[in-house]
Amino acid sequence: MKPAAFKYIAAQSLEHALTLKAEYGDEAKFLAGGQSLVPAMNLRVAQPGVLVDLNPITGLDFVGLRINEGLGIEDWGLTTIPNPQSLILHIGAMTRYRTLERSAEIAAQCPLLHETMPHVAHPQIRNRGTLGGNLAHADPASELPVVMLVLNAQFKAQSVRGERWIAARDFFTTIFTTALAADEMLTEIAIPLSTDSDAGRTRTCFMEIARRRGDYAMMGVATSITLNAAGVCTNAKLGYLNAGDTPILATQAAQTLIGQVIGDDHIRAAAAIAHDEIQPPGNIHASVAFQRHLAGVLTRRAIKEILEFRF
Ligand SMILES: Cc1cc2nc3c(=O)[nH]c(=O)nc-3n(C[C@H](O)[C@H](O)[C@H](O)COP(=O)(O)OP(=O)(O)OC[C@H]3O[C@@H](n4cnc5c(N)ncnc54)[C@H](O)[C@@H]3O)c2cc1C
């Protein structure tokens with residue numbers, strides 16, 4: 001199928017793109033990797049009057065580690081705000097999946113993101129798809145939104161009016177919808193990195209089950225567990241994709257692990273609570289009951305994987 005007629009504008013700079021979005025508002029859409037937008041236009045599910053192509057813009061494609069400079073981010077959504085010397089991973093919105101997948105810095109410093117990347121679509125799509133496009137698309141079945149939630153990521157939204165940071169937990173408001181205003185662009189993602197100390201060591205795991213490799217998963221879990229020097233769990237996060245209108249954190253399930261030296265009984269209890277706590281939609285590939293079953297299985301596997309092999 002062919003898309004409905006639209007006006008194409010290649011943005012020459014970030015300022016140019018923001019000015020166009022301020023002018024056209026909801027009538028305009030940004031074109032990033034085009035891996036969701038172009039199929040949607042061809043199916044006429046999306047019919048933007050104006051397409052603002054972000055690809056000519058330089059400076060939105062980067063991966064870098066920086067000392068926490070405050071950034072004006074006061075609420076990282078963590079039990080403790082990263083100390084002034086902690087490291088923050090900064091990623092530009094137009095960074096391609098392929099760059100993330102191959103980044104040595106990400107492999108070393110952010111293993112959860114590194115482990116997740118090969119699960120996102122197919123290599124051809126990873127050559128074009130961007131982190132910003134993925135997050136702005138806000139598909140609850142996608143891998144990266146739930147990973148960002150578990151990592152306490154912050155998203156920089158820019159417009160001609162200025163800039164603001166939005167916590168991942170506030171960014172995804174419902175299916176395919178974010179907290180971005182009609183004139184805002186997602187320009188940068190900041191992820192606080194955990195470092196080992198006596199107070200806690202954090203280890204992570206991503207697992208999903210899809211009918212075929214590269215397909216959207218029927219269920220997936222992103223898990224993070226922090227243990228103190230005595231082996232007691234001081235923080236736990238259990239995040240699920242395809243389990244509701246947004247990426248979902250099973251907070252009650254995670255709570256059963258905190259304060260425990262985690263054993264099989266705790267793992268079984270957490271998986272049972274997560275099974276009930278999530279709200280999977282069900283689809284032609286998996287019923288709601290099957291999705292819940294998968295969430296229970298993946299929860300048990302991911303926690304065991306972390307405890308047995310990653311500490
Ligand atoms: C066959 C196939 C299989 C796929 N499988 C998976 C999968 O398993 N898992 C998965 O997660 N995804 C999958 N995808 C989707 C893919 O990951 C998309 O690339 C991604 O969802 C969108 O990223 P993009 O850069 O291509 O964005 P685009 O398609 O260009 O844009 C997506 C939306 O975000 C908006 N947008 C883009 N950039 C910005 C920005 N910086 N600020 C504000 N708004 C912006 C656009 O206007 C548009 O509304 C698949 C796609 C295909 C075609």
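Conventions adopted
- Residues numbered from 1 in each chain as written.
- Predicted model: local features only at pLDDT ≥ 70, side-chain atom pairs only at ≥ 80, totals over all residues.
- Heavy atoms only, no water.
- Salt bridge = Lys/Arg side-chain N within 4 Å of Asp/Glu carboxyl O.
- Helix = DSSP H or I, 4+ residues; strand = E, 2+ residues; numbered from the N terminus.
- Buried < 20%, exposed > 50% of the residue type's maximum accessible area, 1.4 Å probe, protein only.
- Pairing = 2+ DSSP bridges.
- Axes fitted to C-alpha atoms, helices over the stretch in contact; angles between N-to-C directions.
- Contact = heavy atoms within 4.5 Å.
- Core = buried A, V, L, I, M, F, W, Y, C linked by side-chain atoms within 4.5 Å.
- Domains from an automatic or database assignment.

Enquirer: Hey, could you run me through the pattern of salt bridges in this one?
Expert: For side chains of opposite charge, pairing can occur when their charged atoms come near one another. On inspection of all chains with the given rule, the structure shows 13 salt bridges. We note a salt bridge from Arg 164 to Glu 184, for which the minimum N-O separation is 2.7 Å. Placement of Arg 164 in strand β7 (residues 162-167) and of Glu 184 in the loop between β9 (177-178) and β10 (185-192) is noted, with a sequence separation of 20 residues between them. The exposure class assigned to Glu 184 is buried, which follows from its relative accessible area of 6%. In this structure, the salt-bridge partner of Glu 305 is Arg 310, at a minimum N-O distance of 3.1 Å. Each of Arg 66, Lys 156, Glu 163 and Glu 188 takes part in salt bridges that share partners, so that together they form one network.

Enquirer: Please clarify how the sheet that holds strand β1 (residues 7-10) should be interpreted in this entry.
Expert: The three strands are arranged β1-β3-β2 in an open sheet whose pairing can be described as parallel. Each edge of the sheet is formed by a strand with only one pairing partner; in this case those strands are β1 and β2 (28-31). Here the average twist between neighbouring strands, direction ignored, is 25 degrees. Running over the sheet, helix α1 (residues 14-24) touches β1, β2 and β3 (50-53) and is turned about 150 degrees from β1.

Enquirer: When you look at the pairing of β2 in this model, what are you seeing that I'm missing?
Expert: In regular strands, side chains alternate between the two faces of the sheet. Bridge count for β2 against β3 is four bridges, and the pairing is parallel. Its bridge partner lying in β3, Leu 31 is registered against Asp 53.

Enquirer: Teacher, can you tell me more about the nonpolar core here?
Expert: Ranked by size, the top nonpolar core spans 37 residues in total, and within it Leu 113, Leu 135, Met 148, Phe 155, Ile 189 and Ile 191 carry the most contacts. Elements supplying a minimum of two residues to this core: β5 (87-92), α3 (97-102), α5 (111-116), α7 (131-137), α8 (143-150), β6 (154-159), α9 (168-171) and β10. Counting residues per element, this core draws most heavily on α8, at six residues. Per-domain counts for this core show at least three residues from each of domain 2 (63-192) and domain 3 (201-310). Beyond its immediate sequence surroundings of up to four residues, Ile 191 is in contact with Leu 87, Ile 88, Leu 89, Ile 91, Cys 110, Leu 113, Met 148, Leu 151 and Ala 153. Grouped together as the second largest cluster of nonpolar side chains are 29 residues, Cys 205, Ile 225, Ala 236 and Ile 267 included.

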